[in-house]
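Residues per chain, in single letters:
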Amino acid sequence: CFTSSPPPPPKKLCDMVVNTIHWFRKGLRLHDNPSLRDSIRGADSLRCVYILDPWFAGSSNVGINRWRFLLHCLEDLDNSLRKLNSRLYVIRGQPTDVFPRLFKEWQINRLSYEYDSEPFGKERDAAIQKLACEAGVEVMVQVSHTLYNLVKIIELNDGHPPLTYKRFQALINRMDAVELPAETITLEVIRNCATPISEDHDDKFGVPSLEELGKFLFLFFIRFETEGLTTAIWPGGETEALMRLERHLERKAWVANFERPRMNANSLLASPTGLSPYLRFGCLSCRLFYFRLTDLYRKVKKNNSPPLSLYGQLLWREFFYTTATNNSCFDKMEGNPVCVQIPWDRNPEALAKWAEGQTGFPWIDAIMTQLRQEGWIHHLARHAVACFLTRGDLWISWEEGMKVFEELLIDVDWSVNAGSWMWLSCSSFFQQFFHCYCPVGFGRRTDPNGDYIRRYLPILRGFPAKYIYDPWNAPEEVQKAAKCIIGVHYPKPMVNHAEASRVNIERMKQIYQQLSSYRGLGLLATVPVHINNGGNGKRVDAGTRQGSAGSCETPSIQEGMSSAGT
Amino acid sequence: MKRMKGGEEDSNSSPSNSPSEACKKVRKQTGEESEAVVASGSLDSDWARLPQELLLHIFQYLPLLDRAYASQVCRRWNQAFHMPELWRCFEFELNQPASSYLKATHPDLIKQIIKRHSNHLQYVSFKVDSSTESAEAACDILSQLVNCSLKTLGLISTARPSFMEVPKSHFISALTVVFVNSKSLSSLKIDDTPVDDPSLKVLVANNSDTLKLLKMSSCPHVSPAGILCVADQCHGLRELALNYHLLSDELLLALSSEKHVHLEHLRIDVVSENPGQHFHTIKKSSWDAMVRHSPKFNLVMYFFLYEDEFGPFFNEEIPVTHLYFGRSVSKEVLGRVGLHCPRLVELVVCANGLRPLDEELIRIAKHCTQLSAIGLGECEVSCSAFVEFVKMCGRRLSQLSIMEEVLIPDHKYSLDEIHWEVSKHLGRVWFPDMMPTW
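Residues numbered from 1 in each chain as written. Chains lettered and ligands numbered in written order. Predicted model: local features only at pLDDT ≥ 70, side-chain atom pairs only at ≥ 80, totals over all residues. Heavy atoms only, no water.

Student: Quick one: what's the story with unusual backbone geometry, residue by residue and with numbers?
Tutor: With a phi angle near 55°, A:C426 is a residue other than glycine that sits in the positive phi range. Looking at where A:C426 falls in the secondary structure, it is placed in the loop between α17 (414-424) and α18 (441-446). We note that B:K183 has phi near 60°; this positive angle belongs to a residue other than glycine. Within the fold, B:K183 resides in the loop between α9 (168-182) and β4 (187-189). (Helix = DSSP H or I, 4+ residues; strand = E, 2+ residues; numbered from the N terminus.)

Written out as structure tokens, the structure reads:
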């Protein structure tokens, strides 16, 4: 009772009535939704369902901006379905409880959903498939959240997920072309399929408001504060997503430049053409974006073969989904085969200062403030704060940072968040660790005038550009004139960056030297080169780097140094 | 990527008996009994009768925990577990649950080691987390190693330098126990500790003949005179790591004196405590003496300075081989590096700022003919200049780690074309380093 790729034949094999449910999780859209399209074919009734499951992995760590975005998406979906004489059914509970009930009540014999590649998603879906089978319900699943079928990418790599982005790119070059987006669900497509909407639909199945949602989640000890909430900078929904796509492409065409844009002060602010949250929730199909980009490039550059770098944003996302899909420990250090075991410090107070934007470094604090207020920060800003928390300054575990991002960011999900944090903390993927983002210099070079700081940290508005990134160095008169005494109105810097980075680079070097067994003096050669095609980093080639005097201590200091008491 | 266990290196350091010899012994010993054993159907007694050398060899492959389990099997295996050869090396891991995710060496095991094996220990290291408690525990253990004749001692902080939080006297007295009792210390790693001049004197008084390696970066209580004493007396010193404030002309001359062996490597950390700090200069003649005395020595320098503190540096020729700039360094300074660092092997620049380093890189390619590794973080280089640089260096560049954002496309090369050009000149496939974007 399980079909995957080929769509069902348009003719009904018998005169059986087909009642179908389409289960929205991500893929919150009507364009390029092949599983929904398949579901509709030959069906007599359609109900589109979204299940609000407070128990689902990570639900307890969702911040208000993400909930709000989700609700906007659901409202938008409901509105679009209304135009097709249908509605969205929002149901609270766990899928394993909800579905058997619905199968019976609505006499369902078909269920469709978009494939979810994440380990917890696969687990949840396996359970539902079993229930469906038992209830005689046909299940239709299609890949449409990623450009490719990730299983095929892994197959191409001898059954192992690629561990470097370069390897991943090489595999992508060998994959078959990306499948075209499925046709949008229109009145025409849905014409033979009805939705029996009841009068009390809004009460029973309507999209909750933020307050109603808050009340519901409160029962599960999930709470958020709706007071003082500002207007959403990122309005959710497919309609908004498609509008943004047009604007995004317009801007690209106008600039006629597909290179990575240079970072400037403006890039830090939320952009009206930003697409990442819409990709994450599936309001925008990644395949649609892919093909629109390709078309535009071909038109503007009069060139038929766009480089891989054109799809950078999409491919990074794809890479992390691929590396995560078979690894349920992907979001942890311990027990994670792709993660370097680093002796991070456990320091809840330091973590809290970072999370709350109280580090005393205006650049870091402004970024964390924007993150908390708006739910999105530029990727270079993410690099800056992630580096500061982990290998740069605080030496705190990336898992902690990941949890904070999970709560506050609206555009990452499990795979992308964990993968990015491992990358940025140099815990995986064979990264060089020498480049440390300075919490003063990096910001200053990006936005010399300091407008970003003044915008998100109004307390520092009075500081001139010269001191706004390191106000603790400002002479007393300047601080007085700014009406902000460091240590009183704004915290002193919580670390000495020079000292911290010195210590930390030494730590990283120690760890990597142990890993690669490199005994030389080079910093770059300390990081092992991943030569293996697909392996999980076991075969590590330290290489014989330029001869430098190794340590004269006996190598036996390493022998027998196996973890005591582990 | 798991931390690699010591398994691979074990095989290099097995004791006198080779495995095949030991095996022959077993076969000989049990040869006559084998028939009887087969007849009785029980092979248990054989396992207990394995010769100690064989057990030792096998046990050396086992991680400590497995070895400990094995030691519970029977008396002979327990005896083998306690053989001195298995206790030559030990790494004490001292972590508190409140400050670390890592497990710690079991306190009972520590007690046992001190009781039964302290006189077997030769190569010891302490890995401590960021809590003062862990560092103090390390000091306590050190104080009890009275019967130890250590060859190697390493005090390693895995997070914040917690040895600095221990009361200085407590630390010094613990360390002194080792210095006095060991008398044949060859390698000492005491970075980020409150070691001071008097304790260095004790070290020297007892271990001057054997000391080969001394790593003491960021030891604020040591003065240039203190380290000079070490250099004067320890003529076998081959590796030294310290902070710039301890470096002096006298020190370099002492290390180049006739009595002194060739120095293999000198690591210097230049760290700014306060902005606008002044650093002293080292005379070119002192560096020249070093190079004359130890022509192959490596000079590793890690700079953590503000941009405007580089005044005293790179104005004259300096024999640096490995250079790391941990903070932003100016274009001008990099220009001076190109002129004055002919022995440069590796250059790693964390950040520079937004002016292209084209000329500076070309100059480095020209003058630093030994350069084989370069890493550029937050910098800017035009694609053409970069290709020129790679062309000039050619295949000697075994490490080329350039962040993607560094390369600025120009009329000659786009980002997509550049990696082919560079790969061509390097003789291998090359890509810049990437960071996730989304």
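Student: So, the interface of chain A and chain B: which residues are in play, and what are the values?
Tutor: With 90 residues of chain A at the contact, the number on the chain B side is 98 residues. When residues of chain A are sorted by the area they lose upon contact with chain B, A:R346, A:R445 and A:R502 head the list and together hold 9% of the total. Taken together, the connections running from chain A to chain B amount to 6 salt bridges. Residues B:D192 and A:R502 are paired through a salt bridge, measuring 2.7 Å at the closest nitrogen-oxygen approach. Our count for the contact surface shared by chain A and chain B stands at 19 residue pairs in polar contact (both at pLDDT 80 or more). Contributing elements (two or more residues each) for the side of chain A that touches chain B: α6 (165-174), α12 (312-324), α15 (379-392), α17, α18 and α21 (497-516) of chain A. Examining the composition of the side of chain A that touches chain B, we find that 13 residues originate from one element, α21(A), more than from any other. Residue classes in the side of chain A that touches chain B are distributed as 35 nonpolar, 36 polar and 19 charged. (Contact = heavy atoms within 4.5 Å. Buried area = accessible area lost by both parts, 1.4 Å probe. Salt bridge = Lys/Arg side-chain N within 4 Å of Asp/Glu carboxyl O. Polar contact = N/O pair within 3.5 Å; in protein donor to acceptor, adjacent residues only side chain to side chain. Nonpolar A, V, L, I, M, F, W, Y, C, P; charged D, E, K, R; others polar.)

Student: Describe the sheet that holds β4(B), listing the residues and the values that go with them.
Tutor: All names here are of chain B. In space, the 12 strands of this open sheet follow the order β1-β2-β3-β4-β5-β6-β7-β8-β9-β10-β11-β13, with parallel pairing throughout. Lying at the two open borders of the sheet, with one neighbouring strand each, are β1 (89-94) and β13 (399-402). Averaged over neighbouring strand pairs, the angle between their axes works out to 10° when direction is ignored. As paired strands, β1 and strand β2 (residues 123-128) are joined by 6 bridges and run parallel to one another. Bridge assignment links E93 to a residue of β2, and that residue is K127. (Pairing = 2+ DSSP bridges. Axes fitted to C-alpha atoms, helices over the stretch in contact; angles between N-to-C directions.)

Student: Lay out the packing of α12(A) against α17(A) in plain terms, naming residues and giving numbers.
Tutor: All names here are of chain A. The interhelical angle for the contact between α12 and α17, taken along N-to-C directions, is 95°, at an axis separation of 8 Å. It follows that α12 is roughly perpendicular to α17 by the angle criterion. Contacts between α12 and α17 involve W316, R317, F319, F320, Y321 and A324 from the former and W414, S415, V416, G419, S420 and W423 from the latter. Looking at the contact of α12 with α17 residue by residue, the class counts come to 8 nonpolar, 3 polar and 1 charged. (Parallel < 35°, antiparallel > 145°, perpendicular 65-115°, else oblique.)

Student: Run through the pairing of strand β6 (residues 239-243) of chain B, naming residues and quoting values.
Tutor: All names here are of chain B. Most of β6 is tucked away: 5 of the 5 residues are buried. The alternating pattern of β6 places E239, A241 and N243 on one face and L240 and L242 on the opposite face, and all of these are buried. The pairing of strand β5 (residues 213-215) with β6 spans 3 bridges and is parallel. Paired with L214 across the strands is L240, a residue of β6. With helix α11 (residues 224-233) bridging β5 and its parallel neighbour β6, the resulting β-α-β unit is right-handed. Sheet topology places β6 next to strand β7 (residues 265-271); 5 bridges connect them, and they run parallel. Within the sheet, the bridge partner assigned to E239 lies in β7 and is H265. In the classification by handedness, the crossover that spans β6, the intervening helix α12 (residues 249-255) and the parallel β7 is right-handed. (Buried < 20%, exposed > 50% of the residue type's maximum accessible area, 1.4 Å probe, protein only. Right-handed = clockwise from strand over helix to strand, strands pointing away.)

Student: Any chance you could break down helix α10 (residues 197-207) of chain B for me, citing the residues and the numbers?
Tutor: All names here are of chain B. Of the positions making up α10, those classed as buried are D197, S199, L200, L203, V204 and N207. For α10, the angular spread of buried residues about the axis comes to 160°, placing them on one side. Those residues of α10 that are exposed and aimed more than 90 degrees away from the buried face are K201 and A205. Against the buried residues of α10 lie α9, β4 and α11. (Arc of directions from axis to C-beta.)

Student: Please give an account of the environment of A:R317 that cites residues and values.
Tutor: All names here are of chain A. Note that R317 resides in helix α12. The spatial distance from the C-alpha of R317 to the C-alpha of L279 is 9.4 Å, given a sequence separation of 38 residues. The residues contacting R317, other than those within four sequence positions of it, are H145, T146, L279, C286 and V416.

Student: Account for the UniProt feature "site: Electron transfer via tryptophanyl radical" (unreviewed entry) in chain A, naming residues and giving values.
Tutor: Under the UniProt annotation, "site: Electron transfer via tryptophanyl radical" (unreviewed entry) lies at A:W344, A:W398 and A:W421. In summary, the annotated positions, though distributed over 78 residues, converge in three dimensions, the widest C-alpha pair being only 13.7 Å. Under the relative-accessibility criterion, A:W344 is labelled buried at 1%. Excluding anything up to four places from it in sequence, A:W344 contacts A:M333, A:T390, A:R391, A:W395, A:I396, A:S397, A:W398, A:S425, A:S427, B:S99, B:S100 and B:Y101. Tracing the backbone through its elements, the reader meets A:W398 in helix α16 (residues 398-408). (UniProt positions renumbered as here; feature names shortened; annotations may be inferred.)

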